[in-house]
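Now for the letters of each chain:
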Amino acid sequence: MTPFRWRSESEEPAPASLVLVGDALTADEAMKRVSKGEVLEYRGDFRNAKQLLSAMGRRLEKRRSPKPAKSALDAFRAERRMRQAEAETLARVVVRLDAAYRPALSHAPALAEACAWAWGPSEGAETVVPLKTLLGVLGAAEWRRRGLAVPGLAGTLVPHYGVYTPTRAEYVELVAALPGVKGQRVFDVGTGSGVLSFVLLQHGAASVVATDVDPRALACARENAARLGLADRFEAVELDGFPEGRADLVVCNPPWIPEPPKTRLDRAVFDDGGRFLVRFLEGLAAHLSPGGQGALVLSDLAVHLGLRSMGWLDAELERVGLVVAWKKDAKATHGKAKDASDPLHAARAKEVTTLYGLVPR
């Protein structure tokens, strides 16, 4: 088998062998074969490959239990199992790209720019990638070309593949309404796209030092800082936590579901055991200037799902010696909060995102 570079967000190893398939393959046959562990390299028409993947997804959806879940937690667990099975199954349909990111498929769109944005230069190697991942790369490239208007941000944000896209406006609007930002030195812990940093800089913050553990997020944040004319007051550092020193304001929008992430893309939402959030709370006081405050943005969805108790945050703040000086709430306005067909709708409809102003006791 020709050597290739394997691209996957799940950290699964490269397949040991690939089985060539084409346009004659039916969805039922594909389901049988991937269920036996085969990894199918599709050669044929790009449109047919997409249709095959959609048909396989519909077959997986039909396997969903018709019985209503006994609790929100049961519904959440069932949904995660379903999505994990879907991801693992559909990832076994792969395509090959040559060293110029050209696919071995007819009627495929131009992929070179989108793939280079996501992965960098091919370095002369062929690429094998799950078709579902490749479609995600193409979708991210469209977001990047168009840019994203974010309420509370002047100018458009250019998202990058693999970096959480702030399509949920409520948390950005909460931070945009923070008073007294002018002239402050700010830390943004877990910056992602950098959107909260940019909002604060546009509202008069003197400087922002932003951290993130993912190089893709840092590249996204740096590019957007330059595009928005904020690069001279913005610094992005690869760190899993706080930068050195102290700040007048330390802002954090951590992952809000205390469960293990399944893929790199999950890490913006899922935080195994809430460890990132706990470390933020434990280290906040030591990184605040005298009179400074923390600004924690947090959804309560985990409480409504039964993953956290109602008073868990109060107990954590008591343990680490922090108090809530003020807070402001915003009800969820994203599409899933309004979609009654969503298995988690009952919990999502109650979701509230809160901006907490935290100070040492």
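Remember, it's a predicted structure, so these values are computed and weren't measured experimentally. (Residues numbered from 1 in each chain as written. Predicted model: local features only at pLDDT ≥ 70, side-chain atom pairs only at ≥ 80, totals over all residues. Heavy atoms only, no water.)

### Some thoughts on the packing of helix 2 (residues 46-62) against helix 5 (residues 131-146)
As a reminder of what qualifies: Geometry is summarised by axes, namely lines fitted to C-alpha atoms with helices restricted to the contacting stretch, and by angles between N-to-C directions that run from 0 to 180 degrees. By the criteria applied, helices consist of DSSP H or I runs no shorter than four residues and strands consist of E runs no shorter than two, each listed in order from the N terminus. By definition in this entry, angles of less than 35 degrees are roughly parallel, angles greater than 145 are roughly antiparallel, angles of 65 to 115 are roughly perpendicular, and the rest are oblique. What makes a crossing left-handed is the near helix being turned counterclockwise from the far one by less than a right angle; a clockwise turn instead makes it right-handed. Working rule for contacts: check all heavy atoms of both residues, and any pair within 4.5 Å makes them a contact. Each residue is assigned to one class: nonpolar for Ala, Val, Leu, Ile, Met, Phe, Trp, Tyr, Cys and Pro, charged for Asp, Glu, Lys and Arg, and polar for all the others, Gly among them.
Running from amino to carboxyl end, helix 2 crosses helix 5 at an angle of 110°, the nearest separation of the two axes being 11 Å. Considering their axes alone, helix 2 and helix 5 lie roughly perpendicular with respect to each other. Crossing angle aside, the handedness with which helix 2 passes helix 5 is left-handed. Across from Phe46, Ala49, Lys50 and Leu53 in helix 2, the residues of helix 5 making contact are Leu131, Lys132, Leu135 and Leu138. Here the contact of helix 2 with helix 5 is built from residues that sort into six nonpolar, no polar and two charged.

### Looking at helix 8 (residues 215-227)
Using the following cut-off: By definition here, a helix of n residues has an expected span of 1.5 Å times n minus one. Residue exposure (1.4 Å probe, protein chains only): buried if accessible area is under 20% of the type maximum, exposed if over 50%, otherwise partly exposed. Counted as a polar contact is a pair of N or O atoms within 3.5 Å, where, for protein atoms, one must be capable of donating a hydrogen and the other of accepting one, and residues adjacent in sequence contribute only when both atoms are in side chains.
With 13 residues, helix 8 extends 18 Å between its outermost C-alpha atoms, agreeing within 8% with the 18 Å of an ideal straight helix rising 1.5 Å per residue. Within the sequence span of helix 8, burial applies to Arg216, Ala217, Leu218, Cys220, Ala221, Asn224 and Ala225. Buried residues along helix 8 sit in contact with strand 9 (156-157), helix 7 (195-202), strand 11 (207-212) and strand 12 (234-238). With a side-chain oxygen positioned 2.9 Å from the backbone nitrogen of Arg216, the residue opening helix 8 is Asp214. Gly229 sits one or two positions beyond helix 8 and adopts a positive phi of about 75°.

### Describing the packing of aromatic side chains
Convention followed: Stacked, edge-to-face and tilted labels apply to pairs of Phe, Tyr and Trp rings (six-membered ring for Trp) whose centres lie within 6.5 Å, assigned for plane angles under 30 degrees, over 60, and everything in between, in that order. Whether a charge lies above a ring is judged from NZ of Lys or CZ of Arg, which has to be within 6 Å of the ring centre and within 35 degrees of the ring normal.
Tallied over the entire structure, the rule returns four aromatic pairs. Plain terms: the ring middles of Phe242 and Phe280 are 5.6 Å apart, the flat faces sit at 10° to each other, and that makes the pair stacked. Of this pair, Phe242 sits in the loop between strand 12 and strand 13 (247-252) while Phe280 sits in helix 9 (residues 275-284), and the two are 38 residues apart along the sequence. For Phe242, a relative accessible area of 16% puts it in the buried group. According to the relative accessible area criterion, Phe280 is buried, its value standing at 1%. One residue, Arg80, lies across the ring of Phe270, its end atom 3.9 Å from the ring centre. The ring centre of Trp312 lies 4.0 Å from the NZ or CZ of Arg308, which sits over that ring.

### Re the sheet that holds strand 3 (residues 40-42)
The strands that make up a sheet pair up through hydrogen bonds in the backbone, lying either parallel or antiparallel. For clarity, the threshold we go by: We treat two strands as partners when DSSP finds at least two bridges between them.
Taking strand neighbours across the sheet as the criterion, the five strands line up as 1-7-5-3-2 in an open arrangement whose pairing is mixed. Whereas interior strands pair on both sides, the edge strands pair on one side only; in this sheet they are strand 1 (5-6) and strand 2 (19-21). Two elements, strand 3 and strand 5 (residues 93-97), share two bridges in a ladder whose sense is parallel. Paired with Glu41 across the bridge in strand 5 is Val94.

### Remarks on the state of the cysteines
For the record, the criterion: A pair of sulfur atoms, both from cysteines and within 2.5 Å, is called a disulfide here.
What the rule picks out here adds up to zero disulfides. Cysteine Cys220 is unpaired, with the sulfur of Cys252 as its nearest cysteine sulfur at 17 Å.

### Considerations on the sheet that holds strand 11
Pairing within the open sheet is mixed, and its seven strands lie in the order 12-11-10-13-14-16-15. Of all the strands in the sheet, the pair left with one neighbour each is strand 12 and strand 15 (322-331). Adjacent strand axes in the sheet meet at a mean angle of 20° when their direction is disregarded. Here helix 8 sits on the sheet and contacts strand 11 and strand 12; the angle it forms with strand 12, its principal contact strand, is near 170°. Running at roughly 155° to strand 15, helix 11 (residues 312-320) makes contact with strand 14 (288-299), strand 15 and strand 16 (352-360) of the sheet.

### As for unusual backbone geometry
Phi is positive for His107, which is not a glycine, with a value near 60°. With relative accessibility at 54%, the residue His107 sits in the exposed group. Positive phi, close to 60°, is recorded for Glu123, a residue that is not glycine. Along the chain, Glu123 turns up in the loop between helix 4 (112-119) and strand 7 (127-130). According to the relative accessible area criterion, Glu123 is exposed, its value standing at 63%.

### Thoughts on the environment of Asp45
By secondary structure assignment, the location of Asp45 is in strand 4 (residues 44-45). When the C-alpha atoms of Asp45 and Lys327 are compared, they prove to be 54 Å apart, with 282 residues separating the residues in sequence. The contact partners of Asp45, leaving out residues within four places of it in the chain, are Asp23, Ser106 and His107. A polar atom in the side chain of Asp45 sits 2.8 Å from the backbone nitrogen of Arg47.

### Quick look at the pattern of salt bridges
Quick reminder of the rule: Criterion for a salt bridge: a side-chain nitrogen of Lys or Arg within 4 Å of a carboxyl oxygen of Asp or Glu.
One pass over the full model with this rule turns up 29 salt bridges. Of the charged contacts, one joins Glu61 and Arg83 as a salt bridge, the two residues approaching to 3.9 Å between their closest N and O atoms. Of this pair, Glu61 sits in helix 2 while Arg83 is found in helix 3 (residues 72-90), placing the two residues 22 residues apart along the sequence. Accessibility expressed as a relative area gives 34% for Glu61, which makes it partly exposed. Arg83 gets classed as partly exposed once you look at its relative accessible area, which sits at 33%. Arg80 is the salt-bridge partner of Asp266, the closest N and O atoms lying 3.7 Å from each other. Here Asp266, found in the loop between strand 13 and helix 9, pairs with Arg80, found in helix 3; they are 186 residues apart in sequence, far enough to count as distant. Judged by relative accessible area, Arg80 falls into the buried class, the value being 15%. Among the charged side chains, a network of salt bridges with common partners joins Glu61, Arg64, Glu79, Arg83 and Glu86.

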